[in-house]
Amino acid sequence: MTATFDNLSAGDVIDGPKFAVSRESIRLFCDASLDYNPLHLDDDYMKGNFGKTNFGGIIMHGMNNFGLISRMITDWAYPVGAVHRRLETRWVKPVRPGDTIQPTGIIKAKQTTEKSRWVLIDVVVKNQAGEKVATGEALVEFPRDLFCQ
Amino acid sequence: MAQAEAFETDFWKDANLRKVWDDIVPGEPRKTIPYTLTKEAIELYCKSVGEDHPIYFDEAYARTTRFGGLIAPPSIHILLMFSCTPADDWMRSPGTVNAGQSWSYNIPARPGDVITLQARALDKFIKRERLFVVHDNVFFNQKGDVICSGRGWTIRPM
């Protein structure tokens, strides 16, 4: 069934895309985002300590999680004429080459305002071991003048 | 890749010119530079996160949608953050760890847009012996319309 504002319920699940993380995918994200921080490129540098943290090797950009969550939200919203309005995220655990990550959204609440309609979505990204690597919350608008694509 | 060639990819170069946590003044504007967003840059970004919706690639399709033409994915601000800031910006300091971000989206960025950024550190604090800076950003198109606005929490290198 196509999602509409009226038929959505708290607890409904949005399955996001699986994403295989590799040295190549991380390097591509460097080129695409222009974020060449050595955290994502330099294994020798990553042997060192960052305050109390030691990552032990290069890690994926946190914003790669963000981009993947955003892709899940827009791919869900565009066909039903809804608009991705906000995304807030926290990184919980580093993601490394060899990991496979997948975002999931769970409808949390619906709200109607004076001029529009809104859906709040809890977001979690998990790795292949089922561990949370990122959490967040998204806000999607369902305008009253829906323009389905 | 054309854009990567024009961009200094060695973040160690000029690292000594960048502000450390002690130097950053909350409220003080960051230097920014206008950036022309190209279709190629959008396509490369899309490839890096697996975006395959035709609204980003297929002009004929995009014209039939509410957007009336090609757009960039909302999360294109990830690229814009680095393309609209100069090499001595403290966001490029090696070892800067991103702790989380929140972004609000108004209208999409489009290929050909000349994007400008208004940005500043908004706050800095110490928590569990880590040095945090909160940064605050708004991206505009060439008409002065807000594309998106967002805030990020970074842990500064020590």
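Residues numbered from 1 in each chain as written. Chains lettered and ligands numbered in written order. Predicted model: local features only at pLDDT ≥ 70, side-chain atom pairs only at ≥ 80, totals over all residues.

A. Representation of the overall build of chain A. Helix and strand counts for chain A come out as 2 helices and 6 strands. Secondary structure elements of chain A, listed N to C terminal, follow the sequence β-β-α-α-β-β-β-β. C-alpha extents for chain A along the principal axes are approximately 55 × 25 × 25 Å. Among the 149 residues that make up chain A, the fraction classed as buried is 36%. When contacts within chain A are restricted to residue pairs at least 6 apart in sequence, those whose partners lie at least 24 apart make up 67%. (Helix = DSSP H or I, 4+ residues; strand = E, 2+ residues; numbered from the N terminus. Buried ≥ 20, exposed ≤ 12 C-beta atoms within 10 Å, placed from the backbone. Contact = placed C-beta atoms within 7 Å.)

B. The overall build of chain B, seen in detail. For chain B, the helix and strand inventory stands at 4 helices and 5 strands. The N-to-C order of helical and strand elements in chain B reads α-β-α-α-α-β-β-β-β. On C-alpha atoms alone, chain B measures out to a radius of gyration of 17 Å, which is about the 15 Å that the 2.2 N^0.38 rule sets for 158 residues. Overall size of chain B, expressed as C-alpha extent along the three principal axes, is 50 × 30 × 25 Å. Counting all 158 residues of chain B, 37% fall into the buried class. Nonlocal contacts in chain B, meaning residues at least 24 apart in sequence, comprise 70% of its contacts between residues at least 6 apart. (Rg over C-alpha atoms; globule rule 2.2 N^0.38 Å.)

C. Region of interest: the interface of chain A and chain B. Across the contact, 37 residues belong to chain A and 38 residues belong to chain B. When residues of the side of chain A that touches chain B are traced back to their parent elements, those giving at least two are α1 (23-33), α2 (62-77) and β3 (83-91) of chain A. With 10 residues, α2 of chain A is the largest single contributor of residues to the side of chain A that touches chain B. For the side of chain A that touches chain B, the class distribution of residues is 17 nonpolar, 11 polar and 9 charged. Judged from the 5 bridges that link them, β3 of chain A and strand β2 (residues 97-105) of chain B form a sheet pairing that is antiparallel. Within the sheet, the bridge partner assigned to Arg86 of chain A lies in β2 of chain B and is Ser104 of chain B. (Nonpolar A, V, L, I, M, F, W, Y, C, P; charged D, E, K, R; others polar. Pairing = 2+ DSSP bridges.)

D. The pairing of β3 of chain A, seen in detail. Residues and elements named next belong to chain A. With 7 of 9 residues buried, β3 is to be regarded as a mostly interior element. Bridging between β3 and strand β6 (residues 132-141) involves 8 bridges; their strand directions are antiparallel. Residue pairing for β6: Arg86 is matched across the bridge by Leu139.

E. Structural view of α1 of chain A. Residue and element names in this part refer to chain A. Within the span of α1, buried status applies to Ile26, Phe29, Ala32 and Ser33. Projected down its long axis, α1 shows its buried positions confined to an angular sector of 125 degrees, all on one face. Immediately downstream of α1, the backbone of Leu34 shows phi near 65 degrees, a positive value. (Arc of directions from axis to C-beta.)

F. Local environment of the nonpolar core. If you look at the biggest cluster of nonpolar residues, it comprises 66 residues, and the most contacted ones within it are Val140 of chain A together with Leu80 of chain B. If you tally residues by element for this core, the top one is α2 of chain A, at 8 residues. Sequence-distant contacts of Leu80 of chain B, that is, excluding residues within four places in its chain, are made with Tyr35, Ile115, Leu117 and Phe139 of chain B. (Core = buried A, V, L, I, M, F, W, Y, C linked by C-beta atoms within 7 Å.)

G. Representation of the environment of Arg120 of chain B in the model. Residue and element names in this part refer to chain B. Structurally, Arg120 can be placed in strand β3 (residues 114-127). With 18 C-beta atoms counted inside 10 Å, the residue Arg120 sits in the partly exposed group. Other than its neighbours up to four places away in sequence, Arg120 contacts Gly27, Glu28, Pro29, Arg30 and Asp136.

H. Expanded view of α2 of chain A. For α2 of chain A, built from 16 residues, the straight-helix expectation of 22 Å at 1.5 Å per residue is met to within 8% by its first-to-last C-alpha distance of 23 Å. With 15 of 16 residues buried, α2 of chain A lies mostly within the body of the structure. (Expected span 1.5 Å × (residues − 1).)

I. Fine view of the packing of α1 of chain A against helix α2 (residues 39-49) of chain B. It is at 8 Å that the axes of α1 of chain A and α2 of chain B come closest, and there the two elements cross at 155 degrees. Taken as axis vectors, α1 of chain A and α2 of chain B run roughly antiparallel relative to one another. Seen along the crossing, α1 of chain A lies across α2 of chain B with a hand that is left-handed. Seen from α1 of chain A, the contacting residues are Leu28, Phe29, Asp31, Ala32 and Ser33 of chain A; seen from α2 of chain B, they are Leu44, Tyr45, Lys47 and Ser48 of chain B. In terms of residue class, the contact of α1 of chain A with α2 of chain B is built from 5 nonpolar, 2 polar and 2 charged. (Axes fitted to C-alpha atoms, helices over the stretch in contact; angles between N-to-C directions. Parallel < 35°, antiparallel > 145°, perpendicular 65-115°, else oblique. Left-handed = near helix turned anticlockwise from the far one by under 90°.)

Bear in mind that shape data such as this cannot, by itself, settle questions of function.
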